[in-house]
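Coordinates in review
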Amino acid sequence: MSITVQLAHFSDCHSHFDGAPMRFSPEGESEWRTQCGGYGRILTRLTALRQQAAAAGQTCLLLHGGDTFQGSLYFNRFKGRANADLLGLLRPDAMVIGNHEFDLGNGPLVEFLRQLDYPVLAANLDSSQEPADAPLRLHGLPQLFDASRPWHRRFIDGVPFALLGITLPQMAAIASPDPHTRFHGIEETLSAALGEIKAEGIEHIILLSHLGLEQDKKLATRFPELSLIVGGHTHSQLGDLAPLGLISEGSYPLMIEGVAILHAAHSALCLGVCELEFDERGRVCQSRGQLEWLPWQPWPFASPPPAGLHFCEPAPESEEAVGILGRPEIEQHLARRYRPELETMTRRIVTHLAGPLHHQRLPDAALPAGSQVAPLVASAMLAGAREQVGQVDFALHNAGGVRCSLEPGPLSEADIAGRLLPFAIPLTLYRVHGHELAEALEGAIDNATNNGVVGNGSGSFPYTAGMRFSYQAGRPRGSRITRLEWEASPGQWQSVEMDAIYRGVSSAYTASGKEGYTALARTLTQHNQELGITLADAFIRWARHLPELAPLPALVEYQGASPMA
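Below is a short write-up of the structure. (Residues numbered from 1 in each chain as written. Predicted model: local features only at pLDDT ≥ 70, side-chain atom pairs only at ≥ 80, totals over all residues. Heavy atoms only, no water.)

As a further point, take the environment of Gly355. Counting through the fold element by element, Gly355 comes out in the loop between β18 (349–353) and α10 (374–389). Its relative accessible area of 23% is what places Gly355 among the partly exposed residues. Taking the C-alpha atoms as reference points, Gly355 and Glu548, separated by 193 residues in sequence, lie 9.7 Å from one another. (Helix = DSSP H or I, 4+ residues; strand = E, 2+ residues; numbered from the N terminus. Buried < 20%, exposed > 50% of the residue type's maximum accessible area, 1.4 Å probe, protein only.)

This is the structure in structure tokens:
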């Protein structure tokens, strides 16, 4: 007997409760820019889908592909509290844990999970070694389905479904889980869990994956007994998106070895909506659906709007209509609990820019020293650390921690904490030998440029304050940092001595040795000190004393192995 399920899904919202700006290039029309998505419109659409499913005698599931933390001013100010509050209004049926949920360690994730009343899945997460006296215990949370209890049974129209989640096993390399938290391998985890599920006689198996589209394709090939994979992490878009002028990475759903794969972009821009018919063996035998983008503005052209756009009606005022559409509930939460503080930050101007400052991760021919913005962030970090503890020799920050270029005009607190430095990660003070510092710089650049290593992306490229260096890509590994100096006093540069000890400040992420900065994790870590301020806090304090932001003298000298792009 077949069963039909109405499915809605999203992922990688990164606390963009108001959605985000979107550019469409519709066929035959000019470019159209509009604010798009947001939790209010998502709830409006969800409520309609749930009503339609109920009228047809079907079940409507809402599944979340992970990464609800980080990315916006809401998270910077309210951490996971706003996420738990607003996600609760959307009423997901299940969610997988993403890597950004671990950016601030286990504590904020535990506080978030304690507020939820739906299953949160991560079968390869193992917290069994957690100390019994840990103040915020991840282990044993009732809504968490981890290695100790790897899957959740859900009956739909009398048919048992198994829901399980898998998250990135290299979590310690890209996020900041507590040291006692382990992540098992993907294949061993799924093999064991699927064995249990099959032993229970369950054929309908839904995997929530926070691994990315390419990994999901491999899983479908390796584990064809899966019915469906709902994914996230790579912000992938699926379906026929050409009429909207958008790039697609495959059909919707993408069928691999009989396994249906669904992804739905990022930033709460859209909702994946799919009607799936499962046969008695748990295979998806029919499907109908698409990504539905939720523009705020009406269609501006005379031509009919293409498929894939869903225009939500303005929220009515009557209590009866509010109950039907649901959207005001989200809007009221945002307006009463969260937006006032954000609007205050928007009005507080920190400094001004006479001209644009460009941010890019890697140096190139146009900007041989790379980003014009990241060195300013490093200067703010150094000033903030010195303000707290006195002597600090240098600041070191990774390019990926800076999120945008800056345009001329006023720069507000909201611009800084919401767009420029939205990752609410604290600063950490540490001590490092000179040779470890050289090794960390080289490792980070090797990682960013794939120079002899398979890197994690260009975001690890280092920018500094109080320190300058030269890197030559063509030299043998271990000798690519050819000049390394620190500013002993203003304008007075001295060579870094390889056996001397220096005090540095970085984000907690970088200081823990992520993405090529491995040597920082091997240094005098017992002396690390979290300073209790975030990147955004430090930048706001520092920039407030500057009437104008302007580029700083270059501290990076980069020579690539081949002509720079």
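After presenting the structure, the write-up continues.
Moving on, we get to the sheet that holds strand β25 (residues 492–495). Read across the sheet, four strands follow the order β25-β24-β23-β28 without closing on themselves; strand pairing throughout is mixed. Each edge of the sheet is formed by a strand with only one pairing partner; in this case those strands are β25 and β28 (556–559). Looking at each pair of strands side by side, their axes are set apart by 20° on average, direction ignored. Most of the contacts of helix α12 (residues 434–449) go to strand β23 (residues 467–472), to which it runs at about 55°, and overall it touches β23, β24 (481–489) and β28. (Pairing = 2+ DSSP bridges. Axes fitted to C-alpha atoms, helices over the stretch in contact; angles between N-to-C directions. Contact = heavy atoms within 4.5 Å.)

Side chains that are nonpolar tend, in soluble globular proteins, to be buried together. Counting 118 residues, the largest nonpolar core has Tyr39, Leu90 and Phe539 as the members making the most contacts within it. Of the residues forming this core, the biggest block, eight residues, is contributed by α10. Sequence-distant contacts of Tyr39, that is, excluding residues within four places in its chain, are made with Phe10, Cys13, His16, Phe17, Thr68, Leu86, Leu87, Leu90, Ala268 and Ile330. Core analysis: the next-biggest nonpolar cluster, separate from the first, contains 71 residues, Cys36, Ala162, Leu168 and Leu262 among them. (Core = buried A, V, L, I, M, F, W, Y, C linked by side-chain atoms within 4.5 Å.)

One pass over the full model with this rule turns up 22 salt bridges. A salt bridge links Arg339 to Asp18; the nearest nitrogen and oxygen atoms lie 2.7 Å apart. Of this pair, Arg339 sits in helix α9 (residues 327–347) while Asp18 sits in the loop between β1 (3–10) and β2 (20–24); the two residues are 321 residues apart in sequence, bridging distant segments of the chain. As far as burial versus exposure is concerned, Arg339 and Asp18 are alike and both buried. Its salt-bridge partner being Arg288, residue Glu275 comes within 3.3 Å of it at the nearest N-O pair. (Salt bridge = Lys/Arg side-chain N within 4 Å of Asp/Glu carboxyl O.)

Moving on, we come to the pairing of strand β15 (residues 259–262). Consecutive side chains of a regular strand alternate in pointing toward one face of the sheet and then the other. Residues Val259 and Ile261 of β15 are buried on one face, and the alternating residues Ala260 and Leu262, pointing to the opposite face, are buried as well. Alignment of strand β13 (residues 228–231) against β15, held across three bridges, turns out to be parallel. Counterpart to Leu228 in the pairing with β15 is Ala260. With three bridges connecting them, strand β14 (residues 254–256) and β15 associate as antiparallel partners. When the bridges of β15 are listed, Ile256 appears paired with Val259. Following β14, the chain reverses through two residues before pairing antiparallel with β15; Glu257 in that reversal takes a positive phi of roughly 55°.

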